[in-house]
Structure formats: C-alpha cells, structure tokens
Amino acid sequence: DKLTVGFETNCVPDLAVLLEDARQEHFDFVCVPLVHPRFSRDARGVSETRSTPLTRSDLLLDSKQWGSLVVGKISEWIDLDSPCADTRRSSEVAFKQEMAWVSHLALAAVMLPTPRPGAGANYSRCLNQVAQELGYVQAWVRIPTVWPQSEQVSCDDGSGVLHVINAGAGTAGGGEGIKPAGAVLEDPWETWSRIRTLCEHLACLNVVLELTSDLPSEAALARWDGEQVRAVIVRTNIFLTNKKGYPTLSRRHQDLVMWLMRFKLQFVVKGRPRHPKGYLPYLQYLDHLRTRRQVTPPLHERETFEAPYLDFLQSPLQPLMDNLESQTYEVFEKDPVKYSQYQLAITAALLDTPEDKASGGVTLLMVVGAGRGPLVRAALNASREANRQLRIVAVEKNANAVITLRNLAITECWTNVTIVASDMRCWDAPEKANILVSELLGSWGDNELSPECLDGAQAYLKPGGISIPYEYTSFVAPMSSHKLWRAVESMGEVKRMETTYVVKLHNFCQMAKEQPCFIFEHPNVPLPGTGGIDNRRYVTLSFDVQQSFTLHGFAGYFSAKLYKDIDISIVPSTFSEGMFSWFPLYIPIRQPVQLRAGETLEAHFWRCCSDKKV
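All values reported here derive from a predicted model rather than from experimental measurement.

Engineer: Mind showing me how you'd approach the overall build of the protein here?
Structural biologist: Within the protein, the secondary structure is distributed over 15 helices and 26 strands. Taking all 614 residues of the protein together, 53% fall into the buried category. In the form shown here, the protein has an accessible surface area of approximately 29,200 Å², with 53% of it arising from carbon and sulfur atoms. Separation of charge centres in the protein, based on 63 positive and 70 negative side chains, amounts to 3 Å.

Engineer: Would you take a moment to explain the UniProt feature "active site" (unreviewed entry) in the protein for this structure?
Structural biologist: UniProt records the feature "active site" (unreviewed entry) at Glu439 and Glu448, using the numbering of this structure. Polar contacts involving the side chain of Glu439 include one to the side chain of Lys338, which spans 3.0 Å. Classification of Glu448 as buried rests on a relative accessible area of 15%.

Engineer: It is not clear to me how unusual backbone geometry should be interpreted in this structure. Could you clarify?
Structural biologist: For residues besides glycine, phi is generally negative; the peptide bonds are generally trans as well. Of the consecutive residues Ile468 and Pro469, the connecting peptide bond is found in the cis state with omega at 0°. Residue Pro523 follows His522 across a cis peptide bond; omega there is 0°. Positive phi, normally seen in glycine, also occurs at His201, with a value near 55°. You can see His201 is positioned in the loop between helix H5 (188-198) and strand S8 (205-210).

Engineer: Looking at this model, I keep getting lost on the nonpolar core. Mind explaining?
Structural biologist: Nonpolar side chains tend to gather and get buried jointly when the protein is soluble and globular. One finds Phe95, Leu112, Phe267, Ile468 and Phe605 to be the most contacted residues of the largest nonpolar core, which totals 168 residues. Per-element tally for this core: the top contributor is strand S23 (residues 549-563), with nine residues. Beyond its immediate chain neighbours, meaning those up to four positions away, Phe605 contacts Trp444, Val476, Cys517, Phe518, Arg537, Tyr538, Val539, Leu541 and Phe554. By size, the runner-up hydrophobic cluster in this structure holds 10 residues, among which are Cys31, Val71, Ala109 and Val268.

Engineer: For this particular structure, what's the right way to read the domain arrangement of the protein?
Structural biologist: When the parts come together, some accessible area is lost, and that loss is often what is quoted as the size of the interface. Entries for the protein in the domain assignment read domain 1 (5-305), domain 2 (326-468) and domain 3 (471-607). On the domain 3 side, the residues contacting the 20 residues of domain 1 number 26 residues. Counting each side, the surface lost to burial between domain 1 and domain 3 is near 2,000 Å², with a carbon and sulfur contribution of 52%. Joining domain 1 to domain 3, the criterion identifies one salt bridge.

Engineer: I'm lost on the UniProt feature "binding site: S-adenosyl-L-methionine" (unreviewed entry) in the protein in this one. Help?
Structural biologist: As recorded in UniProt, the feature "binding site: S-adenosyl-L-methionine" (unreviewed entry) lies at Tyr329, Lys338, Tyr339, Glu396, Asp423 and Met424. On the basis of their most widely separated C-alpha atoms, the annotated residues across 96 residues do not gather in one place, lying as much as 23.8 Å apart. Residue contacts for Tyr329: discarding those within four places in its chain leaves Leu324, Gly371, Arg372, Glu396, Asn398 and Ala401. Setting aside chain neighbours within four positions, we find Lys338 in contact with Phe332, Glu439, Met579, Ser581 and Trp582.

Engineer: Mind showing me how you'd approach the sheet that holds strand S15 (residues 417-421) here?
Structural biologist: Working definition: the strands of a sheet are paired by backbone hydrogen bonds and lie parallel or antiparallel to each other. One open sheet holds the five strands; their spatial order is S15-S14-S13-S16-S17, and the pairing between them is parallel. In this open sheet, the two edge strands, each paired with only one partner strand, are S15 and strand S17 (461-468). The average angle at which neighbouring strand axes cross in this sheet is 20°, direction not considered. Where helix H13 (residues 399-411) meets the sheet, its contacts fall on strand S14 (390-396) and S15, and the angle it forms with S15 comes to roughly 165°.

Engineer: Hey, could you run me through the pattern of salt bridges in this one?
Structural biologist: Should their charged atoms come close, side chains of opposite charge can pair. Under the definition given, this model contains 37 salt bridges. The salt bridge partner of Glu355 is Arg388, with a shortest N-O separation of 3.7 Å. Placement of Glu355 in the loop between helix H11 (338-352) and strand S13 (363-368) and of Arg388 in the loop between helix H12 (374-386) and S14 is noted, with a sequence separation of 33 residues between them. For Glu355, a relative accessible area of 52% gives the class exposed. Salt-bridge contacts for Asp534 lead to Arg536; the nearest nitrogen and oxygen are separated by 2.9 Å.

Engineer: It is not clear to me how H12 should be interpreted in this structure. Could you clarify?
Structural biologist: Within an α-helix, residues lying three or four positions from one another point in the same direction, as the helix has 3.6 residues per turn. Here H12 is 13 residues long and its end C-alpha atoms lie 18 Å apart, about the 18 Å a rise of 1.5 Å per residue gives. When we look at burial in H12, the residues that qualify are Pro374, Leu375, Val376, Ala378, Ala379, Leu380, Ala382, Ser383 and Ala386. In this structure, the buried residues of H12 make contact with helix H10 (326-333), H11, S13, S14, S15 and strand S16 (433-438). Just downstream of H12 lies Asn387, where phi reads positive at about 55°.

Thresholds, definitions, all that
- Residues numbered from 1 in each chain as written.
- Predicted model: local features only at pLDDT ≥ 70, side-chain atom pairs only at ≥ 80, totals over all residues.
- Heavy atoms only, no water.
- Helix = DSSP H or I, 4+ residues; strand = E, 2+ residues; numbered from the N terminus.
- Buried < 20%, exposed > 50% of the residue type's maximum accessible area, 1.4 Å probe, protein only.
- Areas by Shrake-Rupley, 256 points an atom, 1.4 Å probe, with all protein chains shown as cover.
- Lys, Arg positive; Asp, Glu negative; His and termini not counted.
- Charge placed at Lys NZ, Arg CZ, Asp CG, Glu CD.
- UniProt positions renumbered as here; feature names shortened; annotations may be inferred.
- Polar contact = N/O pair within 3.5 Å; in protein donor to acceptor, adjacent residues only side chain to side chain.
- Core = buried A, V, L, I, M, F, W, Y, C linked by side-chain atoms within 4.5 Å.
- Contact = heavy atoms within 4.5 Å.
- Domains from an automatic or database assignment.
- Buried area = accessible area lost by both parts, 1.4 Å probe.
- Salt bridge = Lys/Arg side-chain N within 4 Å of Asp/Glu carboxyl O.
- Pairing = 2+ DSSP bridges.
- Axes fitted to C-alpha atoms, helices over the stretch in contact; angles between N-to-C directions.
- Expected span 1.5 Å × (residues − 1).

This is the structure:
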C-alpha cells in the first residue's frame, strides 16, 4: 500500500504556492492554520470591530481541493482549559469561529490543539457543542507520546502583568489552581481517554499521535493499539543523521513507526528539513520503513488468509441450526494444521486401542459432523500410518454435504466408510464405536453447542472408548478496542451489545493474560443420582490492572485436547502456529469502563441452559 504523507506548517503566505511546493516535495496533503497564528481574538468584543477578514477566502481553492489536499489546524494558542478566565473565554470564541469555518469549507479533517495535561473538561464541552455541525469532518486531537518537559502558559488577568507558569503546571481545569513546578504530569493517553469519554465516544473524534524524542514504556505505548490513531506526526528534529548524512530514526522510534504502520494510517512531517535535498529523504526513509515491514518477515499462509477479515465483525456460525455453505467448508478444509493434528491424534488413539478379535481386528470409528469429509480422510490416513484395519461411520445432518460425501466415497474408493444422513442427536446407532471423532468447536470452545451435540452422540461410544477431542477450555482476557466497540455501538440496538462476534482482532490491545473460563470433558459424566447431564457453568475471574486502560469488552479463545498431549489452540500464549480455522471471539460490553493501574477487574460469566436454548 502507498504511504500517505502530509506536510504541516504554521507559515502560509500563499496557499496555492504551498500546495505546489508540497506536490513537488511528494507530499499528498498539507496541514495548515485556518487563521493566521497572530490573529488573536477576545471575548470582550474588541476583535469583532476589525474590518479585515478573519482569514483567507474560500475561493482560493475549489471544494474538491479543500476536501482532499488540506487538513485545517485550529489555532495553537487556543487553551480551552486555561485557569485564566479571560484566556479561556477568548479561546472558546476563537474555537467556535474556526470550527464553523471548517464546516463551511467541508474539509476532510481538522487538527485540534493539544489539550492541557490532566485537563479536558471544557475542551470536551466545547467540542460537543460544535460536533453536530461538523458533518463528515473528522476531528483529530493532537496527543504527544510524552508531554514536553516544560510548558509555558501565559495569562493576562487584567492587571497588565504577564504571568508565566512553570513546567508541569498543567491544571485540572476550571481554574482550580496551579500544580507546583516539578509535579508529575498525567499520562497523555489518560488525557485523551478522558476527552473521548466526556465526548461520549463521538464517531468523528480521532487521535493523532505526535512522536517525541523520548518515548514512554512499551506497556504505555501498547495502549494505543486499541485506539483509532488516524495519523502520526513526525518532527524533523527527532531524526538522527547516519554516516552518509541521511535522516534516520532511533531503533525504538523505528520499531514504533513500523508497528503503527499495521493500521494503515497517515503520516505528517513537521519542521525544517535538515538535509540538502529537502524533505525527500524523510519521505524516502518513511517509505523504506513501510517496505521493511512488508518484506520482513514474509507473510505466512495464515496471515494472507486473515488479511481481509481484520477487525471485521461476523456472527458466530450456528451449524446446529443452519446448514453451512460449500464455500465455508472449503475455507476450513484449507487449514494446514488442524487436520494434521487430528490425524496425529487418531493415529495415537488407534495404536492405544486393543484389536477387537470378535470383529476380526477391525476398529470402529465414528465421525459425527463429518462435513465434506476432511476428518474421514484424516482417519483413513491414520489407519495406514498405524497399520490398523478401520471401519468408519460418517454421520452428517447437512443433506448438501452428504451429497459430497457420497461422491467422495465413489471417486476415492471409500470401501470401508458408511455414510449416515442424520442428526447425531437423533440417530440410533446399530453398534457402538471404539473411537468418536468430532470438530464441533467454536471460537470460544462450546459456543457452537458442542457439549449438547456430543452429549447425544456419546451414546454411540463403547465403555472406555476414546473421544477426540476429550477436553476443551474457553479462555477470556480483558481488551481495549475503540474501533470494535464503535462498530457494535453504531448498530443502534441494545441486543447487539449482548451478542458475541467472531473477529480477527487487529486494532486492539489485550490488557491482561487470558484466564480459563469454562471446561468441558467428553464423554460427559451424568450427575450422581439424577442421570442427567448439566452443561451450566458459572465462573468469577479477577484480572490485575497493570496499566490504566479503557475496557471495551473481552477477547474469547479456546484450547482443545484431542488425545493425550496432542492439542489445538487459538489462545495467544499456546497458539497452534499456522492454524486459521478459528478467529477469536469479541464479547462487547454496553459502556466502556475506565480502569486505573493497581485496580482489580472482576468479571462474572454464566452459561445458562434450558430445554430450548443455551
């Protein structure tokens, strides 16, 4: 993908000339002030007496150029959370004027001023007031990776004396007083999170990260994985110079930029060029990082398959209720890992199963939910590897898949395979099997009702027989992903927030190690004294919050033990490398929850069952 890079400047004598210069320097757009930086305004009405225009005419460019080539910048002197009442009121007047001009120009995006560290209440209020007028304009909030070490805030309190506040003097807003010099500033992410929360997660509100010379810890940077970062500002003064005199970034900056490039965001270069060839070496270097990210390491088959599904919400399959399509079967059958693991498990199970002399040494294996036959093939291959005679019964309720199975039985000469067109829960097996094989697992283990299906099918298994899989466990972990939460919330129905979604998680951050949730074993043992099987579950999990973050829901995974130590897993810490049959599950919550470092998150999970549904 082509890298999109813009140029930010505060000096625009002639906008048309700037756009031409930017084009010659190979920039895609410019980020410019909407109003001259020294054109101050006040809340007392003095500035309104001026007869000169507020800013340049909209006739300089046509609407297409304004919308595709220009990102507007709100004046940087605006301080909506200033402790000085006059400065705050003047800032509000100027902010509303300039945002109205943004709407008039129909820009694609507008860069908002950097909020005051630890503040954001009035900033958010003013943004909420103008949000309805923005239309399709995206509001970019500029947030540095680390607050500058010093910050000067000027305030004229009417006495004619200019007060200069020392570094770290960011206030909590609303004139509550000044923090003493040297006070620890709030983490930039927390300031951004507060603004987003106070703005009630506006769809038009996005964050722009400004890279600073110093970078925070890896844990602090990881939280940005769960945010919708639209652009990254790279100042020329954070670049180093290599032996050949060309700009380069430090190793940590390189790793961060390459990591952020996964999200296909834009870059903005700011500052004077420090190379004789101007800005071109900077753009070439950024493109070099993009190329490095794409080439090293090369994409695996799994990554190529997953690419179109990144952050794409899908409803979980319900094969018990719906018949799967041929295309769905085809996708699952391409998995290079799952069926090889099943084949290993069946081979080991055959070797451990004593030959039944009464049946002539032939082992009976049943495949319940046979689909289009991949497990049948795995069983046939396993019988050759184990050098054991095998008779297979393939049970499948999907009439369309049965057609495929019967054709395969002819074309591949499955002389020892019996195909049964029936629901495994209703079929009356004429004899019991030594081995029962199934692949009924969902992204969260039991969410496609594997326990209920196998509870009926286990009647086909001989006492002491082998079930593959014999155990599976669902896992959950707290996660932050504003993109996924917004996608569910935009559906506009409460029930959507109470639905789970299969999704290849990409723009997200898992905030704690996953923990086991529900465990199922097969054959399932009936409750003592009742004879019934209870698939209800309830568990309480506690997660220690190491880093402050916004909880947008939970990520669901599973691992399954096929036979002995042969398993398959989509749990990040034990992932079966190369397997792509299952994506994780996203479990949303109705309202995001702000969690602070040092707190404990307690989550309750139920699996409720009735005669009609789970």
